[in-house]
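Structural features, examined
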2 protein chains.
Amino acid sequence: MNLAIINTRLMTFEGDSLGLIKNGAVGVEDDKLTFVGKSRNIDEEDYEEIIDGSDHVTMPGLIDAHVHTSLSLLRGSAQDVPEKEWMNRALGPIAQNMDEEDHLLSSKLSIMEGLKAGTTTFAEFARDVDRLIKDVYIPFGVRVAGAETINEVVDKEGELYVLERSEDKLAKNERLFEDHAEKGLVEPIYGPQALDMVTLETLEEIKRRSEEKKRRVHMHVAQGGREEEQIKRRYGKSTVKKLDELDMIQEDLIAAHCHGASHEEKKLMAERGVNMVGCPSSISMIDGIVPPVKTFLELGGKAALGSDQTPGNGAHNIFREMRTISLLSKCHEKDPTALPAWEALKLSTKGGSEVLGLEDSVGTLKEGKKADLITVDLKKLNMTPSVDVPFSNFIPNLIYSTTGYEVDNVIVNGEEVIRDNGFVSIDEEKIRKKAEKRAEKIFSRAEVDWLEADSEMVKYQREGHI
Amino acid sequence: MNLAIINTRLMTFEGDSLGLIKNGAVGVEDDKLTFVGKSRNIDEEDYEEIIDGSDHVTMPGLIDAHVHTSLSLLRGSAQDVPEKEWMNRALGPIAQNMDEEDHLLSSKLSIMEGLKAGTTTFAEFARDVDRLIKDVYIPFGVRVAGAETINEVVDKEGELYVLERSEDKLAKNERLFEDHAEKGLVEPIYGPQALDMVTLETLEEIKRRSEEKKRRVHMHVAQGGREEEQIKRRYGKSTVKKLDELDMIQEDLIAAHCHGASHEEKKLMAERGVNMVGCPSSISMIDGIVPPVKTFLELGGKAALGSDQTPGNGAHNIFREMRTISLLSKCHEKDPTALPAWEALKLSTKGGSEVLGLEDSVGTLKEGKKADLITVDLKKLNMTPSVDVPFSNFIPNLIYSTTGYEVDNVIVNGEEVIRDNGFVSIDEEKIRKKAEKRAEKIFSRAEVDWLEADSEMVKYQREGHI
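All of these numbers come straight from a predicted model, not from anything done at the bench. (Residues numbered from 1 in each chain as written. Chains lettered and ligands numbered in written order. Predicted model: local features only at pLDDT ≥ 70, side-chain atom pairs only at ≥ 80, totals over all residues. Heavy atoms only, no water.)

**Let's talk about the interface of chain B and chain A**
Opposite the 86 residues of chain B that make contact, chain A presents 86 residues. Taken together, both faces of the contact between chain B and chain A bury some 6,800 Å²; the carbon and sulfur share is 66%. Considering only the surface of chain B that becomes buried against chain A, Leu381(B), Phe391(B) and Tyr405(B) emerge as the three largest contributors, covering 12% of it. For the interface between chain B and chain A, the tally reads 2 salt bridges. Note that Lys330(B) and Asp80(A) form a salt bridge whose closest N and O atoms lie 2.6 Å from each other. Our count for the contact surface shared by chain B and chain A stands at 32 residue pairs in polar contact (both at pLDDT 80 or more). By residue number, the principal contributor to the side of chain B that touches chain A is helix H16 (residues 428-445) of chain B, which donates 8 residues. Here the side of chain B that touches chain A is built from residues that sort into 40 nonpolar, 24 polar and 22 charged. (Contact = heavy atoms within 4.5 Å. Buried area = accessible area lost by both parts, 1.4 Å probe. Salt bridge = Lys/Arg side-chain N within 4 Å of Asp/Glu carboxyl O. Polar contact = N/O pair within 3.5 Å; in protein donor to acceptor, adjacent residues only side chain to side chain. Helix = DSSP H or I, 4+ residues; strand = E, 2+ residues; numbered from the N terminus. Nonpolar A, V, L, I, M, F, W, Y, C, P; charged D, E, K, R; others polar.)

**With respect to helix H4 (residues 167-179) of chain B**
An ideal rise of 1.5 Å per residue puts 18 Å on 13 residues; H4(B) measures up with 18 Å between its terminal C-alpha atoms. Of all the positions in H4(B), only Leu170(B), Asn173(B), Glu174(B), Leu176(B) and Phe177(B) are classed as buried. (Expected span 1.5 Å × (residues − 1). Buried < 20%, exposed > 50% of the residue type's maximum accessible area, 1.4 Å probe, protein only.)

**Looking at helix H2 (residues 100-116) of chain A**
Residue and element names in this part refer to chain A. In this model H2 runs 25 Å from its N-terminal to its C-terminal C-alpha over 17 residues, within 8% of the 24 Å that 1.5 Å per residue would give. Burial runs high along H2: 13 of the 17 residues are buried. Structurally, the start of H2 carries an N-cap: the backbone nitrogen of Glu 101 is 3.0 Å from a side-chain oxygen of Asp 99. Count one or two residues on from H2 and you reach Gly 118, which has phi positive near 95°.

**A word on the packing of aromatic side chains**
In total, this model carries 11 aromatic pairs over all chains according to the counting rule given. Pairing Phe391(A) with Trp450(B) gives two aromatic rings, centres 4.6 Å apart and planes at 25°, and the pair type is stacked. One end of the pair, Phe391(A), is in the loop between strand E16 (373-377) and helix H15 (394-400); the other, Trp450(B), is in helix H17 (residues 447-453), on a second chain. By the burial criterion, Phe391(A) is buried, and Trp450(B) matches it. These aromatic residues form a ring-pair network of at least three members: Phe391(A), Phe443(B) and Trp450(B). Above the face of the Phe177(A) ring, Arg215(A) is positioned so that its terminal group lies 3.8 Å from the ring centre. (Phe/Tyr/Trp six-rings, centres within 6.5 Å; stacked < 30°, edge-to-face > 60°. Lys NZ or Arg CZ within 6 Å of the ring centre and 35° of its normal.)

**Topic: the pairing of strand E18 (residues 415-419) of chain B**
All names here are of chain B. Bridge count between strand E17 (residues 407-412) and E18: 3 bridges; the pairing is antiparallel. Pairing of Val 412 across the sheet is with Glu 415, part of E18. As consecutive antiparallel partners, E17 and E18 are separated by 2 residues, and within that stretch Asn 413 has a phi angle of approximately 55°, a positive value. In this structure, E18 lies alongside strand E19 (residues 422-423), joined through 2 bridges in antiparallel fashion. Across the sheet, the residue bridging to Arg 419 is Gly 422, located in E19. Two successive antiparallel strands, E18 and E19, enclose a turn made up of 2 residues, where Asp 420 displays a positive phi of approximately 45°. (Pairing = 2+ DSSP bridges.)

**Some words on the environment of Thr199(B)**
All names here are of chain B. Its location among the elements puts Thr 199 in the loop between strand E11 (186-192) and helix H5 (200-213). With a relative accessible area of 7%, Thr 199 lands in the buried category. As a C-alpha pair, Thr 199 and Val 28 span 171 residues in sequence and 46 Å in three-dimensional space. In this view, Thr 199 contacts Glu 152, Leu 163, Glu 164 and Arg 165; residues no more than four positions away in its chain are not counted.

**Observations regarding the packing of helix H9 (residues 280-287) of chain A against helix H12 (residues 318-333) of chain A**
In a pair of packed helices, the angle between the axes and the distance between the axes together describe the arrangement. Residue and element names in this part refer to chain A. At a minimum axis distance of 8 Å, the contact between H9 and H12 shows a crossing angle of 55°. Classed by the angle they form, the pair H9 and H12 counts as oblique. Contact residues: H9 offers Pro 280, Ser 281 and Ser 284, while H12 offers Arg 320, Glu 321, Thr 324, Ile 325 and Leu 328. In terms of residue class, the contact of H9 with H12 is made up of 3 nonpolar, 3 polar and 2 charged. (Axes fitted to C-alpha atoms, helices over the stretch in contact; angles between N-to-C directions. Parallel < 35°, antiparallel > 145°, perpendicular 65-115°, else oblique.)

**Remarks on the side chain of Asn409(B)**
Residue and element names in this part refer to chain B. Within the fold, Asn 409 resides in strand E17. At 2.8 Å, the side chain of Asn 409 and the side chain of Thr 375 are in polar contact. Residues within four places of Asn 409 in sequence aside, it is in contact with Leu 373, Ile 374, Thr 375, Glu 416, Ile 418, Arg 419 and Asp 420.

**What about empty space enclosed by the protein?**
Empty space left among the atoms is revealed by rolling a probe the size of a water molecule over them. As enumerated under the stated definition, the model contains 4 cavities of 30 Å³ or more in all. The volume enclosed by the largest cavity comes to roughly 150 Å³. If you go around the largest cavity, the residues you meet are Arg320(A), Arg323(A), Thr324(A), Thr402(A), Thr403(A), Asn317(B), Phe319(B), Arg320(B), Arg323(B), Ile399(B), Thr402(B) and Thr403(B). Among the elements of the structure, H12 of chain A together with helix H12 (318-333) of chain B are those that each provide at least two residues to the lining of the largest cavity. In the lining of the largest cavity, the residues fall into 2 nonpolar, 6 polar and 4 charged. (1 Å grid on protein atoms, 1.4 Å probe; cavity = no way out; pocket = protein on both sides within 12 Å on 5 of 7 lines; lining within 4 Å. Points joined across faces, edges and corners; volume = space filled by probe spheres on them.)

**What about the environment of Lys267(A)?**
Residue and element names in this part refer to chain A. Structurally, Lys 267 can be placed in helix H8 (residues 263-271). Accessibility expressed as a relative area gives 33% for Lys 267, which makes it partly exposed. Separated by 31 residues in the primary sequence, Lys 267 and Glu 298 have C-alpha atoms spaced 9.5 Å apart.

**Here's the deal with the domain arrangement of chain A**
Interface size is commonly expressed as the accessible area that is lost once the parts come together. All names here are of chain A. Each assigned domain of chain A is listed with its residue range as follows: domain 1 (2-60 + 369-423) and domain 2 (62-356). Placing a centre on the C-alpha atoms of domain 1 and another on those of domain 2 gives a separation of 29 Å. With 29 residues of domain 1 at the interface, the matching set in domain 2 holds 30 residues. Interface area, domain 1 with domain 2, both sides summed: about 2,300 Å², of which 66% is carbon and sulfur. At the boundary of domain 1 with domain 2, the tally comes to 1 salt bridge. Measuring nitrogen to oxygen at the nearest pair gives 2.7 Å for the salt bridge that ties Asp 372 to Arg 143. Here domain 1 and domain 2 share 8 residue pairs in polar contact (both at pLDDT 80 or more) between them. When residues of the side of domain 1 that touches domain 2 are traced back to their parent elements, those giving at least two are strand E5 (56-60), E16, H15, strand E17 (407-412) and strand E18 (415-419). Here the side of domain 1 that touches domain 2 gets 5 residues from one element, more than from any other, and that element is H15. (Domains from an automatic or database assignment.)

**Thoughts on a negative patch on the surface**
Among the surface-exposed residues, Glu29(A), Asp30(A), Asp43(A), Glu44(A), Glu45(A), Asp46(A), Glu48(A) and Glu415(A) lie close enough to one another that they form a single negatively charged patch. The topology assignment puts Glu29(A) in strand E2 (residues 20-29). (Patch = residues over 30% accessible without salt bridge, like charges linked within 9 Å, V, L, I, M, F, W, Y side chains within 5 Å. Areas by Shrake-Rupley, 256 points an atom, 1.4 Å probe, with all protein chains shown as cover. Lys, Arg positive; Asp, Glu negative; His and termini not counted. Charge placed at Lys NZ, Arg CZ, Asp CG, Glu CD.)

**A look at the environment of Thr364(B)**
Residues and elements named next belong to chain B. With respect to the helices and strands, the residue Thr 364 is situated in the loop between helix H14 (350-356) and strand E16 (373-377). Look at Thr 364 and you get buried, because its relative accessible area is 5%. Taking the C-alpha atoms as reference points, Thr 364 and Arg 89, 275 residues apart in sequence, are found 42 Å from one another. One polar contact links Thr 364 to Lys 369, side chain to side chain, over a distance of 2.7 Å.

**Examining the relation of the copies chain B and chain A**
Take chain B, turn it by 180°, move it 0.0 Å along the axis, and it overlays chain A with an RMSD of 0.0 Å. This pairing of chains is accounted for by a two-fold axis. No C-alpha of chain B lies nearer the rotation axis than that of Thr403(B), which sits 2.8 Å from it. (Least-squares fit on C-alpha atoms with pLDDT ≥ 70 in both.)

**Side note on a positive patch on the surface**
A contiguous patch of positive charge on the surface is contributed by Lys433(A), Lys437(A), Lys441(A) and Arg445(A). Within the element layout of this structure, Lys433(A) appears in helix H16 (residues 428-445).

**Considerations on the confidence of the model for chain A**
Across chain A, the average pLDDT comes to 97, with 100% of residues at 70 or higher. The complex prediction reports pTM at 0.98, with the ipTM value standing at 0.98. (pLDDT = per-residue confidence, 0-100.)

**Quick word on the pairing of strand E11 (residues 186-192) of chain A**
Residues and elements named next belong to chain A. Counting buried positions along E11 yields 7 of 7 residues, so the element is predominantly enclosed. Side chains Val 186, Pro 188, Tyr 190 and Pro 192 project from E11 onto one buried face, and the interleaved Glu 187, Ile 189 and Gly 191 project onto a second face that is buried too. The pairing of strand E8 (residues 143-150) with E11 spans 7 bridges and is classified as parallel. Paired with Ala 145 across the strands is Glu 187, a residue of E11.

What follows is the structure in structure tokens.
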């Protein structure tokens, strides 16, 4: 790609503030940013194509720092149920009818949805993530920080899960690093699912390798009651304390959720530079809990946002996650100044890149960095008006007024994936139609098991509410 | 108008549930619904135009039960500030530069924004509401439950506001009832602003008239600290207790906000049939408070949702308000089953019509009622997939996945206002451009005063955050 966007309201996120340039321009050559600055200083002749960025904000592509994309064919399948029903009685009876093709199709649907709403980097957490990378992320031209889910639970029936070490699973994760040694779109990450689901031997081995080779470890940490009970039975202490014993409370850890940690433990994690990821829609909807993003920031820690999965949160849309964490935090703290717009914007740009260890390549706009950027249309009714004096009202509006549909252009790694809110080369309608058809079959096959599982949703259905 | 929508997923909201008809149709003649039922039972020859509603939900138009539309030129102007700064130090210095034309233009912008996101009835609360009705609502063809703001504060400087009875203001409100005696698009309502802002004489007179003529009274009730203090000083008791003394805690009262009421007072209001309106985005963002909608419903009371005003909440979008109250309530109650999707949907359809006293004409789809309805496109990526077996997943998705941009058709009072997401006769771009120009002038004139008021936003601006 070789293009420039000129005359645009530019937010670079370089420096301590948002790096606002009121009449800015960016230049893209191949996969890199070759110009970031004032529009009057760009040499338009250096670029084959010029996009007029008037009435648009141009900013870094958003980063979804914790996402399971392979479930979106189940959108709306597990909502408004008690937390203890969600996995096994609501989602489970339907999800068990999905095959590998369905997961792949879900992943396509999720990533398309995320792209349209401005997400350019997905921190994917999935079983067989290599297939998603090969068949979806790379063909779509989308950046992925991919972790292979390592789950060593062989039996969940007794009081204590039975774990069994699997060298194969770790080896599968390890192969990602070999296959993607040349940094292009793929950043491999280790993915032990959670402390209650992997053996200590595997965790110790992962810790050893991540330390030696400076690689990140993405893990669900302190995600609530079930985990807490398992860990207490198994190790007689909390998740964070046990992880600290393993020397894993360190800056190579990407810790999703963390709402089950005590304040002291959050403080320890923040001080040690653990990378916290909050999933506001998912955790508020599945657990009725506000993710402790604001707490981590206050304690001087690092934080980012994730969309998790659609059957929990309804959508893959990081604009929505930024607004959601801001509103939830304001009510949780009883303080309308909690998590102001500009702080929320940082979480999913600069913050997201730091959490994933990608700060040298993405998350801010700077010459020499990868060209991952989006434009947001300020001409939509819900974004009108935009002024620059005495302050830029469109910055709060980017959090409190957007829906995601305002995203016009999406460039990943220097390639245009979306132009004027439409895909450049992905066949949206073909994939969408296939998704409809396969979902119909999955849900239909699930009918008997779903009714038998008798979750709160079955009650809603009987009452004519769904 | 004379048209039918066929082959659609129809939600009528008649009966106790959502009145779901999987392959439904509606027929519209003049301003009324002439058919609501199964698609196979409609006689297509009765209609001049047939719209194929496949892959769409057809449902009642949404009801915004508390809204001040005339401020949207100030979108993004007062965010992330302490509650006590919001009105006077953040919004005030900018708002004082608006003239009558600006308010009218704001109103146009707000209503267009609301319409595009599926709102067909606005419970407008404004000074000179007659002008908004005459110059905006009627020309736009939009339903309005309009209250003229009666505010009798003549001096706010001392400890206790000085009030002075104004027969003119009440007379202005009264004229609405005379001017719109023939029920078309306009439902007049009394609008005493709040107990701390009107004299007892005026309130008693409004009470007398509303009881005699069976008219509703729309009022801000128990909206927080400032009001509480004024009422305590003036009357030595709480707002709700004083209103009860005036015999106003009755089913003709539409009470916005109510978060300052005690639990006992909420119980009293719910039992007496007071019509509560919660504004989730506005109150969470301005006050850090979750509106007590869930509490009113639990206590057997009536409730609806409002968008309030854009400089507080960022948007006029009732789909967003439904999702916001659901998520906020789940976290407030620490219960993911709190305010499920189907209950949220009722708040802004059937519930909204009951709260405004419009249940005989709108809020549900039934033959003979006014034709206020919308279609929602389920083919958007963020709404995919939609299944009907073993339950209708698109019902939770209408709350947890929509953004408002999925609304395709909007019919108000039998007239198509929006078709395929575009206005039929409103010149969107002309109004939007005018809004941009005037906003630039308002904000620019405000610069010195805004800086002097030195709110938290001024600090953000100095730090390069806005």
